[in-house]
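Overview (structure and organization)
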Amino acid sequence: MKIFLAFALLFGFASAQLELHFIDVGQGDSILIRSPSGQSVLYDGGRSQDVPLEYLRRIGVKSLDLVVASHADADHIGGLSATIRAYHPRFFMDNELPHTTQTYEDLLLAVQEAGSQVIAPTARRIGLGDAALQVIPPPGDEGLDSNNNSVGLVVSYGEFRAALTGDAEAPEFGWWQANVPGLLSDVDVYKSAHHGSENGDSAASMAVWQPETIVISVGEGNTYGHPEPETLALYEGAGAEVYRTDQSGTVVVTATADGRYTVNAEPSSAPAVVPTEPLETNPEQSAPLDPSGEDKDCGDFSSQAEAQAFYEAAGPGDPHGLDSEGDGVACESL
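Below, the structure is looked at part by part.

Calculation criteria
Residues numbered from 1 in each chain as written. Predicted model: local features only at pLDDT ≥ 70, side-chain atom pairs only at ≥ 80, totals over all residues. Heavy atoms only, no water. Buried < 20%, exposed > 50% of the residue type's maximum accessible area, 1.4 Å probe, protein only. Helix = DSSP H or I, 4+ residues; strand = E, 2+ residues; numbered from the N terminus. Arc of directions from axis to C-beta. Axes fitted to C-alpha atoms, helices over the stretch in contact; angles between N-to-C directions. Parallel < 35°, antiparallel > 145°, perpendicular 65-115°, else oblique. Contact = heavy atoms within 4.5 Å. Nonpolar A, V, L, I, M, F, W, Y, C, P; charged D, E, K, R; others polar. Pairing = 2+ DSSP bridges.

**Remarks on helix α3 (residues 80-87)**
Listed as buried for α3 are Leu80, Ser81, Thr83, Ile84 and Tyr87. The buried side chains of α3 occupy one side of the element, clustering within an arc of 165° when seen end-on. Of the residues one or two after α3, His88 is the one with positive phi, at around 50°.

Dropping the structure here:
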């Protein structure tokens, strides 16, 4: 259920809303997720060291709970090192495949310096208060290229759903259909795979996602010819409303739990974002981010300290059964 809104950001938002900011980073991806209960997650960081960091500061983001690098291509991770060094996110996730570029090595160094806890890209659910992230795991197959080992996310808040799939192409989508079909279903908002290239989305992916709104993160006048006419025709045939960062600048989607959402595609309004108080990510006020999902037990951790960090992040009630003695110490056998 969609409501078009060109200038909503000038007046701020109601508190019980989820925000998705498709940041205009040129030819690349960077999406900020802000939950109604106060957590902030950054999925990819474009190529520039300055653009995502400046945007987060401009709209008043105080801290980051999680940074996800969908895959190690420079147009997705180039801006993450500076942002991680500035924000010291609590958790970091990537596809865990080796990559030898200086950009990727600098990213790993930034994660280490920030003290961020690295979590695996398994098919886990990550709680964001009333909202949640479902990780769509990469194949982890070095025989596939970097694009086809992208970490995917489904963002949900009540009846609203959005999917972010990095640069996934047909081989990875086929792997998802064969291995994790239960994680794939229709969404309201969809980030175009691989910047609208003809080898990104397909009739098969559109049939599964059935998006009402598609956002293409793409650079103006890029040398790749993205988005390609065949892909735009595919989206038109799927009946989706398409927004492009090369034409509209940063695109901001705000959603409520009843499934209604607004799309702000007016670039002149982006600098005027006024964050509401409940959405500021003060670690002392935010609900706990749960990185461990439903698939963790003590055997999944390499040390007691690692298990303890997950136990504390998951919040009260020990939902994963890591504290068998009830004394506040997780996985004492490690």
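The discussion continues.
**Description of the packing of α3 against helix α4 (residues 102-114)**
As a packed pair, α3 and α4 sit with axes 9 Å apart at the nearest point and diverge in direction by 5°. By the angle between their directions, the pair α3 and α4 is classed as roughly parallel. Taking contact as the criterion, the partners of Leu80, Ser81, Ile84 and Arg85 in α3 are, on α4, Thr103, Asp106, Leu107, Leu109, Ala110, Val111, Glu113 and Ala114. Of the residues belonging to the contact of α3 with α4, the class tally is 7 nonpolar, 2 polar and 3 charged.

**Some thoughts on the pairing of strand β16 (residues 261-264)**
Of the two faces of β16, the one holding Tyr261 and Val263 and the one holding Thr262 and Asn264 are both buried throughout. Examined bridge by bridge, strand β15 (residues 251-255) and β16 share 4 bridges and lie antiparallel to one another. Considered in β16, the bridge of Val253 is made with Val263. With antiparallel pairing between neighbouring strands as the criterion, β15 and β16 make up a hairpin whose turn holds 5 residues, including Gly259 at a positive phi of roughly 95°.

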